[in-house]
Amino acid sequence: MEETIVFIDEGFLDKLTYHFGNGTRIKFDKFEFAKIISAKQKLFCFHLFYYTSPPFQGTPPIEDEKKRKEGYDKFVASLLRNQNITVREGRCQKLTDSEGKIFYSQKGVDTLLTIDLSHIKEDYPKIKKIILVSSDTDFCPAIKDIMERGGIEVILYTYFDRNRNSKFSLSNELISCCSSCVRLTKEDFLMAKGQKFIQETKR
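Criteria and thresholds
Residues numbered from 1 in each chain as written. Predicted model: local features only at pLDDT ≥ 70, side-chain atom pairs only at ≥ 80, totals over all residues. Heavy atoms only, no water. Helix = DSSP H or I, 4+ residues; strand = E, 2+ residues; numbered from the N terminus. Buried < 20%, exposed > 50% of the residue type's maximum accessible area, 1.4 Å probe, protein only. Polar contact = N/O pair within 3.5 Å; in protein donor to acceptor, adjacent residues only side chain to side chain. Pairing = 2+ DSSP bridges. Disulfide = S-S within 2.5 Å. Axes fitted to C-alpha atoms, helices over the stretch in contact; angles between N-to-C directions. Contact = heavy atoms within 4.5 Å.

When you line up the elements, histidine 47 lands in strand β2 (residues 43-52). With a relative accessible area of 10%, histidine 47 lands in the buried category. There is a polar contact of 3.2 Å between the side chain of histidine 47 and the backbone oxygen of asparagine 84. Only 2.6 Å separates the side chain of histidine 47 from the side chain of threonine 86, close enough to count as a polar contact.

Right, let's get into the pairing of strand β4 (residues 91-96). Relative to strand β5 (residues 102-107), β4 runs antiparallel, the two being bridged by six bridges. Following the sheet pairing, threonine 96 is matched in β5 by isoleucine 102. As consecutive antiparallel partners, β4 and β5 are separated by five residues, and within that stretch glycine 100 has a phi angle of approximately 85°, a positive value.

Right, let's talk about the state of the cysteines for a bit. Considering all chains together, one arrives at zero disulfides under this definition. The closest cysteine sulfur to the non-disulfide-bonded cysteine 181 is located on cysteine 178, 7.1 Å from its own sulfur. On the basis of relative accessibility, which here comes to 29%, the residue cysteine 181 falls in the partly exposed class.

Another point: unusual backbone geometry. Here the residue pair threonine 59 and proline 60 is connected by a cis peptide bond, since its omega of 0° sits within 30 degrees of zero. Relative to the assigned elements, proline 60 resides in the loop between β2 and α3 (63-80). With a phi angle near 55°, asparagine 22 is a residue other than glycine that sits in the positive phi range. Here asparagine 22 lies in the loop between α1 (10-20) and α2 (30-39). Among the residues examined, asparagine 22 registers a relative accessible area of 69% and is labelled exposed. With a phi close to 60°, lysine 42 is a non-glycine residue in the positive phi region. Structurally, lysine 42 is set in the loop between α2 and β2. Given the relative accessible area of 68%, lysine 42 is considered exposed.

A separate point is the sheet that holds strand β6 (residues 129-133). The sheet built from six strands is open, its strands ordered β3-β2-β1-β6-β7-β8 with parallel pairing. In the strand order of this sheet, the two ends are held by β3 (85-89) and β8 (180-183), each with one partner. Across the sheet, the mean angle from the axis of one strand to that of its neighbour is 20°, orientation sign disregarded. Looking at chain direction, strand β1 (residues 2-9) and β2 are connected through eight bridges and run parallel. The partner of glutamate 3 across the bridge, within β2, is phenylalanine 44. Taken strand by strand, α3 contacts β2 and β3, and its axis lies near 145° from that of β3. Helix α4 (residues 109-118) rests against β1, β2, β3 and β6 of the sheet, and its axis sits at about 150° to β2.

Below, the structure is given as structure tokens:
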């Protein structure tokens, strides 16, 4: 089976699992998920790049922030026990909107993902197809570049709906710049909750 690399934008995936879980995030095995969506394309996922950021920490951090960081550190450590996973970390910024409401935003994650995309041809010369799990049009220039100069197909796994003012609206630009687009379903995550899916047997 032809090998592939999966790139996951955790910020997008987190919102989607919260949506599919009706307000409760679906917990699932990240590498199993990468293998499942790869196998659907008749590809073998031999490596996963996972892009995230640690929770915001004040100076000094309050108790809730400390607990969130402890949970995050355990989560990342569990991912890194798998040598086929690379975790790229940006940073979390605390911001305030015009109405005085506090919100948090990941910074630097998109840049890290773009850099890794641009290095695929040199770092993984045998790879001809990759899978990107995201909904961010900021990746379009990098996608176009690796497809045109590197001859690499980019398969987009994403989610969108037709609801007005939805947070899952998707630009046609992102869809059109990729080789193909696949809409994620709740079942993709539920399948990755167990350990029964063994892709190696299909290799």
